[in-house]
Amino acid sequence: MIQFAANVPFWKGSLHLHTTCSDGVLTPEEVAELYRRVGYDFINITDHWKTSDYSSLSDGILVLSGVELDNKPPYEHVHLIGVGIDPYNVAPDMLDRKFMRSQSVQDNIDALLKSGGLAALAHPAWSLNTAETVSGMNGLFALEIFNSVSGLPWNAMRQDSSYLVDVLGARGRRLPLIAVDDAHFYKGEECKGFVMVQSESCTRESLLDAMRGGKFYASQGPIIAQVDIDPECLIVMTSPASRAVFYTDAAYNSERVVQQDGGTRWVYARKPALDEQFVRCEIHDAQGRRAWTNPAAWLEE
Ligand SMILES: [Zn+2]
Ligand SMILES: [Zn+2]
């Protein structure tokens, strides 16, 4: 079964960004211009507890209305981003920080969905989220496997949430993956993680439909052209890369890492004796940049 259709375009997007409307240093106009200049097709502005109609900025780039909400359960934080919400039909109280923090995480997710958008779990490694916490969340379309600003020199080294992705995968929760900048300072954390969404057009409706249907992948640079999974193997077609790493819940497999300079076709053969609950692929290019396929279950014969 292939993930992507033939002859349908991909659109490059940045889903998690801050501006001067909360704690970012650039205005929404400056952020839209920055990402437009380097070739992004769309961005989703996610200021803390704030949203707005940014359609007037959509000139050469589509600017979606997003938001970031946060809760503080014991021992961890939970940050959620809303993608493509309708700024004129925001759920009652959703932007009331004090009230929403008194509600459950699920109430916050539901408010994002009621506002016409999608909800994703932000930077779970930075937040110290556990599999138990995430397992209790319904309605997420994705989680951030990579969050640029959660690393040096802005934060400790918690950019990468792979470990939690795999703990969840072993338990049968296969959440799709996004890579984001979470840019605040625009001092090098921007343009480091993005999504490629396959949809008929670069409009809010078309992109949200595609994201709901899992038609996207996360990247820092490498292109994923196709992902093909069947009962026997996972095949990933890419731009020229140098390595593929296949993650599963099996403890050891000598064929987990494939090195091939300039390789564009990467294959992982299923070994039924390993009884794997999921498989996913991380592609590395010669510059050390990565791209990620979504975790998948092996198809039954
Ligand atoms: Zn956050
Ligand atoms: Zn953020």
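Cut-offs and rules
- Residues numbered from 1 in each chain as written.
- Chains lettered and ligands numbered in written order.
- Predicted model: local features only at pLDDT ≥ 70, side-chain atom pairs only at ≥ 80, totals over all residues.
- Heavy atoms only, no water.
- Donors = N, O, S within 2.8 Å, 3.2 Å for Na, K, Ca; no water.
- Tetrahedral: all angles 85-135°; square planar, octahedral: opposite > 155°, others 65-115°.
- Buried < 20%, exposed > 50% of the residue type's maximum accessible area, 1.4 Å probe, protein only.
- Helix = DSSP H or I, 4+ residues; strand = E, 2+ residues; numbered from the N terminus.
- Pairing = 2+ DSSP bridges.
- Axes fitted to C-alpha atoms, helices over the stretch in contact; angles between N-to-C directions.
- Contact = heavy atoms within 4.5 Å.

Quick look at the coordination of the zinc ion (ligand 2)
Alright, step 1. With distances of 2.1 to 2.2 Å, the protein atoms coordinating the zinc ion (ligand 2) are His16 (NE2), His18 (NE2), Glu68 (OE) and Asp182 (OD).
Alright, step 2. Geometry at the zinc ion (ligand 2) is irregular, judged from its 4 donor atoms and the angles of 80 to 167° they form at the metal.
Alright, step 3. Given the relative accessible area of 0%, His16 is considered buried.
Alright, step 4. For His18, a relative accessible area of 0% puts it in the buried group.

A word on the coordination of the zinc ion (ligand 1)
Alright, step 1. Glu68 (OE), His79 (ND1) and His123 (NE2) make up the full set of protein donors to the zinc ion (ligand 1), lying at 2.0 to 2.2 Å.
Alright, step 2. Here the zinc ion (ligand 2) and the zinc ion (ligand 1) are spaced 3.6 Å from one another, each receiving a donor from Glu68. You can see Glu68 sitting in strand S4 (residues 67-71) and its partner His79 sitting in strand S5 (residues 78-83), a full 11 residues away along the chain. The burial state of Glu68 is the same as that of His79; both residues are buried.

Side note on the sheet that holds strand S6 (residues 118-121)
Alright, step 1. Strand order across the open sheet formed by 5 strands is S4-S5-S6-S7-S8, with mixed pairing between neighbours. With one partner strand each, in any of the chains shown, S4 and strand S8 (177-180) form the two edges of the open sheet. The sheet shows a mean angle of 35° between the axes of neighbouring strands, taken without regard to direction.
Alright, step 2. By the bridge criterion, 4 bridges tie S5 to S6 in an arrangement that is antiparallel. Paired with Leu80 across the bridge in S6 is Leu121.
Alright, step 3. Along the sheet, helix H3 (residues 105-114) contacts S4, S5, S6 and strand S7 (140-147); its crossing angle with S5, the most-contacted strand, is approximately 10°.

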